[in-house]
Structures are given as structure tokens and as C-alpha cells.
Amino acid sequence: MYLLIFHDVIISKGRNQSILYDLSEKRLFKVPNSVIEFITILGNKTIGEILNSFSTYEKRILFSYVQFLLSNKLARLVNNVEQFGSQEQFIKGFKESLNISTSIIDSAIIDIKETSSFDIQGFIKKLTSFRCSKILLRFWGINMDFFKKAISCIRTSNSIVRVDTYLPMEMYSQIVTIIENECKLFNILVFRCDKSSISFINPDIIDLRKTIYKSTKQSLAPTDCGNISFGKTALIPRSDYILKNIFVNSCLYKKISVDSDGFVKNCPSMRHHFGHVDSVDLCKVIKENSFTKYWYITKDKINICSICQYKYSCFDCRAYTEDDTLYGRPSKCQLSTSSNQWKK
């Protein structure tokens, strides 16, 4: 009999520990590296052929691995492993779906402060021409004029289907009566609140995509992003997110941003910009190598991240790196890869 590891079980090997991602059941299993080494030697050999090459003591350990994989439905016993294809084919299929995507830009971040004065509607119309589907509006101060202009333009967009937003409580109190009717408005983070709470945009519908998070934080800023903690990486994200991380950058792939002064960037937190949104040719910007080079920086290419077991469920940050280089480790990561302990 052969041991077939299911194709949707993704292996992420770390320095001292590994993870098995069960994409179909949205589960994560922490395992010793020896389990991964056992899986890699399976190939086209039967379990008997493999076990016979080890000592009695080693056989007991390897047999426990087989039991673990079977009992957790990460694998099955089959008579002919070749008839099931390979995991490489499964992953290749996802990569091909990335390549045939019709969107030029997938997502955008727009930062706004009280004194922002760029043409937000012109930018959103350009995003529509790029077939962008998601926008994050981040209001660092009260600017109702920009909110109204943005929502008005997004309503008529034939590509944008989702808008998330950050905004202060003073501004939220002015839009609370209209948000339920804005079908493209999804998660809302409100800061400067008297107390923290979680509720839903439509109180009669429990939809985690349409949630209002209220925070007592007095201020938020672009520098708050890039924090990598246990809660953000150990919780299983969508299967397409993990597969996407194998091939492209989890944060910056097909993303464009405009900071609160109107400058075009990969991310608002980055220092380098490509010109002002009101005057620069965005069609040229998104074709520049200096802009797209971040899209294909995967975790397997980043210092330290490449030997971290959480690399495929973790998001990335190129704005804040330890050595301020293209492939530097995110400086706000709270995991010690030597001890596998998270900072508290």
C-alpha cells in the first residue's frame, strides 16, 4: 500500500518546526521537521518498502507519523499512487489562474487627512479602468467631502465590489445612518471611541465581512501597519491566500496606493513615490519595474522568512524591514525563529 498525502495539504518547513496546512478543512498542524522529511521520501515507494530501510526503533516513530496523517485525514492508503496525479499539478493550476486574471490592479489603498486635496474621483475612475475590485479608504482625520466623493464614484464603478474603511468616531457619527444602504461598504474600523465593541453593519445579518470594529485608540497612522503577530498568522486564512503566498507577495501584488498628500506608492508607508496622482501617468507607473518588483517578492525569498514555518499564512511588509533592504525581514515581526516563541 502507498500513503497518498492529499494535494490540498501544503507543507511549510521551518528551521526548527514545520506546519501542515489542510486547505480543505482550514486546519493548521504544527509538526516536527522529521514528519516533513518522512513525507518527502514517500515518492513512489510503498509504506513497507520505506519502513524496511529503518531500524525497529525508527519504524515505530515512522508508523506513528503514518497514524497521525491518516487519523487527521491528511492522507489515505491507496493501491496506485500515480492515478491521483501530483500536488505540483494542483498548485500549478492555481498559478495559472493568477496568470489569466483580467485585473491589472487588484486592490488599492487611499489615505486621507483633513487637508487632502487631490482628485480622489479621478483616481477611483482610473482604478475602475484597471479593473480593480477592492479599495481601503483610511481617514486619519475628518474629511466628509472626500468620503462623499469616493462613495459616489464607487457606487457607479463596474469593477469595484468592496470598500473597507478606517475613520475617526467623529466622522463615523456623521455616516452611521447611511452605511447600511451602501452595499459595497464592508468592514469599518472606528477609532477614538469611548469603548471597544464589535457589531454588524446590518444588525439583522451576521456577516463577518460587514463588521464595525470600534476601538478606544485615539489615533491611527500609516506607521501602524506591518505588525506581524501570532493572531495574524496562526489563524488559517483562505486557501487561496496560502496558495497565493507561494507565488507572489501577500501584501503588494497588484496593489497601488495614494498617500494623504496625493503621492502614488506601492504602499502609503513607503518612502519612495512615483509622482502626484493628479499629474502622473498611472498607466506608465504600473508598468515600471521599480513599481512591479515588489509583486513577486515571496516569503521564500525573504531573509529569515524563508526558514519560518508560518511563511505561507503570514502577510508581508516591505515598508519596514530590519536592514532596510529589498529582501529584509519585516522589522515588526514578533516571532523568534530560533525559539519558535512569539513576543508578548
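Bear in mind that the values here come from a model prediction, so they are computed numbers and not experimental data.

Draft legend 1. Local environment of the pattern of salt bridges. Enumeration according to the criterion identifies 15 salt bridges in this entry. For the salt bridge of Lys 149 with Asp 145, the shortest nitrogen-to-oxygen distance reads 3.3 Å. Pair noted here: Lys 149 and Asp 145 are both in helix α6 (residues 144-155), with a separation of four residues, about one helical turn. The class for Lys 149 is partly exposed, based on a relative accessible area of 35%.

Draft legend 2. Representation of the packing of helix α5 (residues 120-129) against α6. Relative orientation of the contacting elements α5 and α6 amounts to 25 degrees, with a least axis distance of 9 Å. By the angle between their directions, the pair α5 and α6 is classed as roughly parallel. In the crossing of α5 with α6, the sense of the turn from one axis to the other is right-handed. Contact residues: Ile 120, Gln 121, Ile 124 and Lys 125 in α5; Phe 146, Lys 149, Ala 150, Ser 152, Cys 153 and Ile 154 in α6.

Draft legend 3. Broad picture of the packing of aromatic side chains. Tallied over the full model, the rule gives ten aromatic pairs. Between Phe 118 and Phe 146, the ring centres sit 5.2 Å apart and the planes meet at 90 degrees, which makes this aromatic pair edge-to-face. Remark: Phe 146 occurs in helix α6 and Phe 118 occurs in the loop between β6 (107-112) and α5; sequence separation between them is 28 residues. Considered together, Phe 118 and Phe 146 belong to a single accessibility category, that of buried residues. Aromatic side chains Phe 139 and Phe 147 sit 6.0 Å apart centroid to centroid with 55 degrees between the ring planes, which places their arrangement in the tilted category. Pair check on accessibility: Phe 139 and Phe 147 agree, each one buried. One aromatic cluster is present, formed by Tyr 253, Phe 274, Phe 291, Trp 295 and Tyr 296 through successive ring pairs.

Conventions and cut-offs
Residues numbered from 1 in each chain as written. Predicted model: local features only at pLDDT ≥ 70, side-chain atom pairs only at ≥ 80, totals over all residues. Heavy atoms only, no water. Salt bridge = Lys/Arg side-chain N within 4 Å of Asp/Glu carboxyl O. Helix = DSSP H or I, 4+ residues; strand = E, 2+ residues; numbered from the N terminus. Buried < 20%, exposed > 50% of the residue type's maximum accessible area, 1.4 Å probe, protein only. Axes fitted to C-alpha atoms, helices over the stretch in contact; angles between N-to-C directions. Parallel < 35°, antiparallel > 145°, perpendicular 65-115°, else oblique. Left-handed = near helix turned anticlockwise from the far one by under 90°. Contact = heavy atoms within 4.5 Å. Phe/Tyr/Trp six-rings, centres within 6.5 Å; stacked < 30°, edge-to-face > 60°.

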